[in-house]
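# Descriptive structure summary
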Amino acid sequence: MKLPSRRAQAAIAFVLAVAAFVFWWLSRPDPLPASAIPVHTPDLANGEVVFHAGSCFACHKPKEGAAQGSLPSGGSPFKTPIGVFYPQNLTPDAETGLGRWSEADFVNAMTRGLSPDGRHYFPAFPYMAYRAMRTSDLLDLRAYLMSLPAVKSVAPRHTLPLLPVARRGVGLWKRLAFARAPYAPAAEGSDSWKRGAYLVNAPGHCGECHTPKSLLMVEDLGRYMAGGPHPGGEGKVPSLRGLVERRKYKDAADLVLALQNGEELGYEDLSSGGMGQIQSNLAQLPEPDVRAIADYLVSLK
Amino acid sequence: MSLSKRTLAFSAGFSIVLAGAWGAGLAAEDPAHQRHEAMETVQESFKPLRAIAVKEAPFDAAVVKKNATTILEKLKEAHGLFPEGSGGGDSRAKPEIWSDRAGFDQAMKDAQAAATAMAAVSEEAAFVPAMKTLGGACKGCHDKYRLPKQ
């Protein structure tokens, strides 16, 4: 077989270089500048509420049997069909945790899915939901995390095929995903309902599992909270629509009890598939917030 | 003609009964089905306990004892119905039951101990803590060893 002519080789190299440049350019990170972060006096108590509302610990827990097992020091595997992710250390350790992160670093991670050194996070970390969070809540959450004892813990590398290219490729996906506005609940409703809508859609990121994804791996809002295949690859995630009409729960008060107690009171649908851990986190919210979540969820028809 | 029709109807009916019995026999021999039935009974027996816990029903030690005893029996029965290779298909059993058999056995024993303790509850003050321990044991095992609904 004859090699292509020198000229053809040059042409191929040129096309590949252009393609690589276009990929690199389109997938570039787009961080918020530090000047965009407002001056804010953090409220640690609210930060803790946000921490539980987001069920941060459910994913950022240490691996089983670790010392200081109640701190979000990361390293526990998060299994998906494409590979295993290892969520990182959220304690303020300077070397392995968030110790050296500025407020802007934290807000960029949570709302733009960017690491302090400008790499894209995979959307297994639900920044698509967190981008709808209030900046004050984000800064309170950061302050709460920084108030925890520091734990030295390095998360293992994700086991994904073609990790560095895939990571950069997330930037392309973000162009599509961020072009869509986050789900906007109706502006009308009781204060409790509005609070619930915020908790469910922004920090709570319930839709990450309960709303099925479209082919582009963004939430299919036509099937908002309608349930679907479990993102972990096995079994199904139930629909959150018509919870009372379908007699899953008697009323909002029944759902409050279920969220606060889960299977400890025999609500067995709140275990398995990761929901047990979410429920344990939600159980630590102040009662009015659990009530707000229930008020919002039972309104989904 | 009428005789052959009757014979036909009879044999058809007989085959249906036979097929039904065969199907039921298969299901009865299938450990995944049997343990599912046992767990359904556990869940049914949990309901009167929950009603007491949320104060929909008054505390009644006899009701507690009866239901906790059923739960204990059915948990023991279910525990013996997880032979190697009985996962997959419609079963919600996770492979971890067999890859981490010691952990699973311990979780099952914890649940049985919690049911035993619940059966012995004679006063109201001890009921809710016993309920949390028992339900917590169910949850601990289900989070680790049970798949989400298929």
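Residues numbered from 1 in each chain as written. Chains lettered and ligands numbered in written order. Predicted model: local features only at pLDDT ≥ 70, side-chain atom pairs only at ≥ 80, totals over all residues.

Turning next to the overall build of chain B. Helix and strand content of chain B: 6 helices and 0 strands. Along the chain direction, N to C, the helices and strands of chain B fall in the order α-α-α-α-α-α. A burial count over chain B gives 27% of its 150 residues as buried. Pairs at least 24 apart in sequence give 71% of the contacts found in chain B among residues at least 6 apart. (Helix = DSSP H or I, 4+ residues; strand = E, 2+ residues; numbered from the N terminus. Buried ≥ 20, exposed ≤ 12 C-beta atoms within 10 Å, placed from the backbone. Contact = placed C-beta atoms within 7 Å.)

We now examine the domain arrangement of chain A. All names here are of chain A. Entries for chain A in the domain assignment read domain 1 (30–182) and domain 2 (189–301). In this structure, domain 1 and domain 2 have C-alpha centres spaced 22 Å apart. Listed by partner, the interface residues are 21 residues for domain 1 and 23 residues for domain 2. Within the residue set of the side of domain 1 that touches domain 2, elements represented by two or more residues are helix 2 (44–53), helix 3 (56–60), strand 1 (78–80), helix 5 (127–130) and helix 7 (163–179). Counting residues per element, the side of domain 1 that touches domain 2 draws most heavily on helix 2, at 4 residues. In the side of domain 1 that touches domain 2, the residues fall into 14 nonpolar, 4 polar and 3 charged. (Domains from an automatic or database assignment. Nonpolar A, V, L, I, M, F, W, Y, C, P; charged D, E, K, R; others polar.)

With that settled, the discussion passes to the interface of chain B and chain A. Residue-level contacts link 19 residues of chain B with 18 residues of chain A. Secondary structure elements with two or more residues in the side of chain B that touches chain A: helix 2 (31–53) and helix 6 (124–145) of chain B. Of the residues in the side of chain B that touches chain A, the class split is 7 nonpolar, 5 polar and 7 charged.

Bringing the nonpolar core into the picture now. Nonpolar side chains in soluble globular proteins tend to end up buried together. Residues L255, I293 and L297 of chain A together with A111 and A115 of chain B are the most contacted members of the largest nonpolar core, which totals 89 residues. The residue makeup of this core includes at least three contributed by each of domain 1 (30–182) and domain 2 (189–301) of chain A. Those residues in contact with L297 of chain A that lie beyond four places of it in its chain are V200, L240, L243 and L255 of chain A. (Core = buried A, V, L, I, M, F, W, Y, C linked by C-beta atoms within 7 Å.)

Let's shift gears to helix 10 (residues 252–261) of chain A. All names here are of chain A. Turning to helix 10, its buried residues are A252, L255, A258, L259 and N261. Packed against the buried residues of helix 10 are helix 11 (275–282) and helix 12 (287–298). G262 sits one or two residues past helix 10 and shows a positive phi near 55°.

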